[in-house]
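# Breakdown of the fold
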Amino acid sequence: MDLKFDGENLLRQSGQEYTIVRPGALCDGPLGAAKVLVAQTNSVITGGKKSTRADVAAFCVMAAEHEKAANATVEIASDLTSKGSTTVPKRVLNGITPDN
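Residues numbered from 1 in each chain as written. Predicted model: local features only at pLDDT ≥ 70, side-chain atom pairs only at ≥ 80, totals over all residues. Heavy atoms only, no water.

Here we take up the nonpolar core. Formed by 13 residues in total, the largest nonpolar core has its most connected members in Phe-59, Met-62, Ile-76, Val-88, Val-92, Leu-93 and Ile-96. Those elements that place two or more of their residues in this core are α2 (53-64) and β5 (72-79). It is α2 that provides the largest number of residues to this core, a total of four residues. (Core = buried A, V, L, I, M, F, W, Y, C linked by side-chain atoms within 4.5 Å. Buried < 20%, exposed > 50% of the residue type's maximum accessible area, 1.4 Å probe, protein only. Helix = DSSP H or I, 4+ residues; strand = E, 2+ residues; numbered from the N terminus.)

Turning our eyes to something else, we now look at the environment of Gly-48. Looking at where Gly-48 falls in the secondary structure, it is placed in the loop between β3 (35-39) and β4 (50-52). Overall, Gly-48 belongs to the exposed group, its relative accessible area being 56%.

Once that is clear, we can look at helix α1 (residues 2-13). For α1, built from twelve residues, the straight-helix expectation of 16 Å at 1.5 Å per residue is met to within 8% by its first-to-last C-alpha distance of 16 Å. Gly-15 lies just past α1 and shows a positive phi near 90 degrees. (Expected span 1.5 Å × (residues − 1).)

Bringing the pattern of salt bridges into the picture now. Enumeration according to the criterion identifies five salt bridges in this entry. With its nearest N and O atoms 3.1 Å apart, the salt bridge here joins Asp-99 to Arg-12. With Asp-99 in the segment after β5 and Arg-12 in helix α1, this residue pair connects regions lying 87 residues apart in the sequence. Residue Asp-99 is classed as partly exposed on the basis of its relative accessible area, which comes to 23%. A salt bridge links Asp-28 to Arg-53, with the shortest nitrogen-to-oxygen separation between them at 2.9 Å. Of this pair, Asp-28 sits in the loop between β2 (25-27) and β3 while Arg-53 sits in helix α2; the two residues are 25 residues apart in sequence, bridging distant segments of the chain. Taking the relative accessible area as the measure of exposure, Arg-53 reaches 44% and is therefore partly exposed. A network of salt bridges, in which partner residues are shared, links Glu-8, Arg-12, Arg-22, Glu-75 and Asp-99. (Salt bridge = Lys/Arg side-chain N within 4 Å of Asp/Glu carboxyl O.)

Take a look at the structure:
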C-alpha cells in the first residue's frame, strides 16, 4: 500500500489534472446492480465493501467528464443490499472537493 500511496502522491505533484479512484474489492455484476457509494474518507470501502467492475468503469467515464472530479481522490463501493440504476447518478460527484 505504501508504493500505491507514493504513486498517488507523485501524480498529485505532477501538475497534471487527475482523478484517483479507489474502488472496493472488485466483483462481477451488471451496471446498476447496486447503489453506488462515493466518499473521500475511506468510509465507503471499509468493512470489505465491494465494487462492481461495471459501476467502477461507468464512474470513471463520468468523472473524466465532470469538473468536480478534477484533482480529487475518491473511494467508490457498491451497496449490494440496495438496488441501483442502469447509470451512476451524476449527483454522486456533487460533494467532491479537490485534494489539498
